[in-house]
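Coordinates in review
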Amino acid sequence: MISDLWYKNAVIYCLSVATYMDANGDGVGDFEGLMRRLDYLHGLGVTAIWLMPFQTSPGRDGGYDISNYYEVDPRYGTLGDFVEFTHGAQERGIRVLIDLVVNHTSDQHPWFQDARRDPQSKYRDWYVWSKKKPAGANRGMVFPGVQKSTWSHDAKARAWYFHRFYDFQPDLNTSNPYVQAEILKIMGFWIQLGVSGFRMDAVPFVIATKGPRAGKPTEQYDMLRAFREFLQWRQGDAIVLAEANVLPDTDMEYFGTDGDRMHMMFNFQVNQNLFYALAAEDSRPLRTALKGTRQRPATAQWGQFLRNHDELDLGRLTPAQRNTVFEAFGPEPQMQLYERGIRRRLAPMLNGDRRRIELAYSLMFTLPGTPVLRYGDELAMGDDLNLQERECARTPMQWSTEPNAGFTKSARPVLPVISGGPFGFEHVNAAQQRRDPNSMLNWIERVIRMRKEVPEVGWGDFQVVQTRDPAVFVIRYDWRNNSVLFVHNLSATPREAKFEVGVSGKAGDLLVNLLSEDHSRAGDGGRHCVLLEAYGYRWYRVGGLDYLLKRSEVG
Ligand code: NOJ
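Here is what the cut-offs are and how they apply
Residues numbered from 1 in each chain as written. Predicted model: local features only at pLDDT ≥ 70, side-chain atom pairs only at ≥ 80, totals over all residues. Heavy atoms only, no water. 1 Å grid on protein atoms, 1.4 Å probe; cavity = no way out; pocket = protein on both sides within 12 Å on 5 of 7 lines; lining within 4 Å. Points joined across faces, edges and corners; volume = space filled by probe spheres on them. Helix = DSSP H or I, 4+ residues; strand = E, 2+ residues; numbered from the N terminus. Nonpolar A, V, L, I, M, F, W, Y, C, P; charged D, E, K, R; others polar. Phe/Tyr/Trp six-rings, centres within 6.5 Å; stacked < 30°, edge-to-face > 60°. Buried < 20%, exposed > 50% of the residue type's maximum accessible area, 1.4 Å probe, protein only. Lys NZ or Arg CZ within 6 Å of the ring centre and 35° of its normal. Near = heavy atom within 4 Å. Polar contact = N/O pair within 3.5 Å; in protein donor to acceptor, adjacent residues only side chain to side chain. Areas by Shrake-Rupley, 256 points an atom, 1.4 Å probe, with all protein chains shown as cover. Sits in = over half its atoms within 2 Å of the grid points. Core = buried A, V, L, I, M, F, W, Y, C linked by side-chain atoms within 4.5 Å. Contact = heavy atoms within 4.5 Å.

It is worth spelling out the layout of surface pockets at this point. By rolling a water-sized probe across the atoms, one finds the places where empty space is left. Taken as a whole, the largest pocket holds about 1000 Å³ of empty space. Lining the largest pocket are 42 residues, and of these Val 142, Phe 205, Asn 245, Asp 313 and Arg 316 sit closest to its centre. For the lining of the largest pocket, the secondary structure elements donating two or more residues are α6 (203-206), α9 (268-280) and β13 (312-313). Ranked by the residues each element gives to the lining of the largest pocket, the list is headed by α6, at three residues. Among the residues making up the lining of the largest pocket, the classes are represented as 20 nonpolar, eight polar and 14 charged. Within this model, the second largest pocket holds a volume of roughly 550 Å³. Tallied by class, residues from the lining of the second largest pocket come to 13 nonpolar, seven polar and eight charged.

Per the counting criterion, the structure on display carries 41 aromatic pairs. With a centroid separation of 5.7 Å and 80 degrees between ring planes, the pair formed by Phe 165 and Phe 205 is classed as edge-to-face. Here the residue Phe 165 occupies a position in the loop between β8 (159-162) and α5 (177-192), and Phe 205 occupies one in helix α6, the gap between them amounting to 40 residues. On the basis of relative accessibility, which here comes to 9%, the residue Phe 165 falls in the buried class. Pairwise contacts between aromatic rings join Phe 31, Phe 54, Tyr 70, Phe 82, Phe 85, Phe 189 and Trp 190 into one cluster. Its end group placed over the ring of Trp 399, Arg 37 keeps NZ or CZ at 3.7 Å from the ring centre. Positioned above the aromatic ring of Phe 462 is the side chain of Arg 294, whose terminal nitrogen or guanidinium carbon lies 4.1 Å from the ring centre.

Residues in close proximity to the ligand include Asp 61, Tyr 64, His 104, Phe 143, Phe 165, Arg 199, Asp 201, Glu 243, His 309, Asp 310, Arg 390 and Arg 394, which together make up its full environment. His 104 is positioned such that a nitrogen or oxygen atom in its side chain is 3.1 Å from an oxygen atom of the ligand. Take Asp 310: an N or O atom from its side chain is 2.5 Å from an oxygen atom of the ligand. With the chains in place, 98% of the 300 Å² that the ligand exposes on its own is no longer accessible. If you map the ligand onto the pockets, it falls in the largest pocket. By residue class, the composition of the shell around the ligand is three nonpolar, two polar and seven charged.

Turning next to the nonpolar core. Residues Tyr 13, Tyr 40, Leu 41, Leu 51, Phe 82 and Tyr 361 are the most contacted members of the largest nonpolar core, which totals 151 residues. In terms of residue count, the dominant contributor to this core is α9 (eight residues). Setting aside residues no more than four positions away along its own chain, Tyr 40 makes contact with Tyr 13, Tyr 20, Glu 378, Leu 379, Met 397, Trp 399, Ala 430, Arg 434 and Leu 441.

Below, the structure is given as structure tokens:
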């Protein structure tokens, strides 16, 4: 198979324009600011940016409440600035993915305003209405504890409207062919302006049947094929990266058995079990999650991540497992959210312990799929638990020791910059970390460089290698006549990892370390014995460094 599907071996970096850099001094990040930071992202080595919503919005849910799909919110700039930005990214070999938020609009969107005003409006049927309060109105909330219901009464419309998320986010009636046509138009518009695809928000809800009598919603998977088909006609290498926190047995419905639906999905199953593995020092459920999500078409890819802009959702773990993660990484009620998750950033969750942060990242970069990093995590930025809900992990990027971390010249940044304490910008910022060869930033940069040279992870088949110790996790990838192997010690104590590489012939006798001089030779009987320090990790090539001479064009 030809190996030029860019997303199979990419490094994606997710950021919101609003909190990245403010060039015009009004306290809110903008495209001009982001443009000026493209060289930073290029230097870091990321190959794609995932931009959170930047379209016109009242901004009540971090921009996930859009009131005009075809404009840039004036606070961030203009369409002209946006095109300058996609062009600048392209010049540096960086692709741009943007959020596609079409499960719902803002209640301020003219479509909704028109629909509620006039029952005869052509937009009335673009939303989901009920004359009476539906029986299930207090079920299915995505933000329990904050969101009270999924149906709200609208006095002007004299009807109830459905909203899977907050009440200011009325759901679009996505079964309506006119709504579907509009979704394609939105995709076509942004493709034309230089993006390489979309992170599609809330996919299971987009394709679900909706309505007062919908009962248990049914997913209309065919819609996914229609989105993809359109995209592929317009631009062959554009992709959809689906946000779908679903059970492994439906994964193939989302990817399509012929690889004809979503190109990529975030692997929520692995994400939750990865945090459990770190908390419990036990890799077994992670291994189960990897096996459960193994099946996917050759052209499809997982997005592997640690943290994103939402809470760390632990809803798929057992109550006992969830409690283990809560106790380890978010013991206080104010660290938890929506009865299922933790709202902190990675570094404070791991107590700022550099060994553990590296371990978590090393795992993320070496799990089957494409790594997706969250802005600021490359510096080990912290959070501000005084902020509401998920806002705590969305504070401005910490660029330097200048006022407001060099994010803005305004005295009033869009969200407070973290200042003081171990995670304050005075200690944690890009400028200082650039100068320090041992900084987190330079570590991430080195690891990204190496990860790009290990396409086996993105493309290959994986095998979890047997060890006796559940705290030791060993995984091997095989691709085109080459193998790589990664060893992780989840435990706070040193471990001896004993294992057989499992490839045929003598190649498995030598493991060449890719990150240090600490190589491993098998003992008698072909077994390796690697002494790992607490939270230690190793990246190895199997057999030697002449692998590129051995690589085959097929397989
Ligand atoms: C998922 C997004 O990640 C989240 O931030 C948002 O609140 C909801 N979808 C609603 O759009």
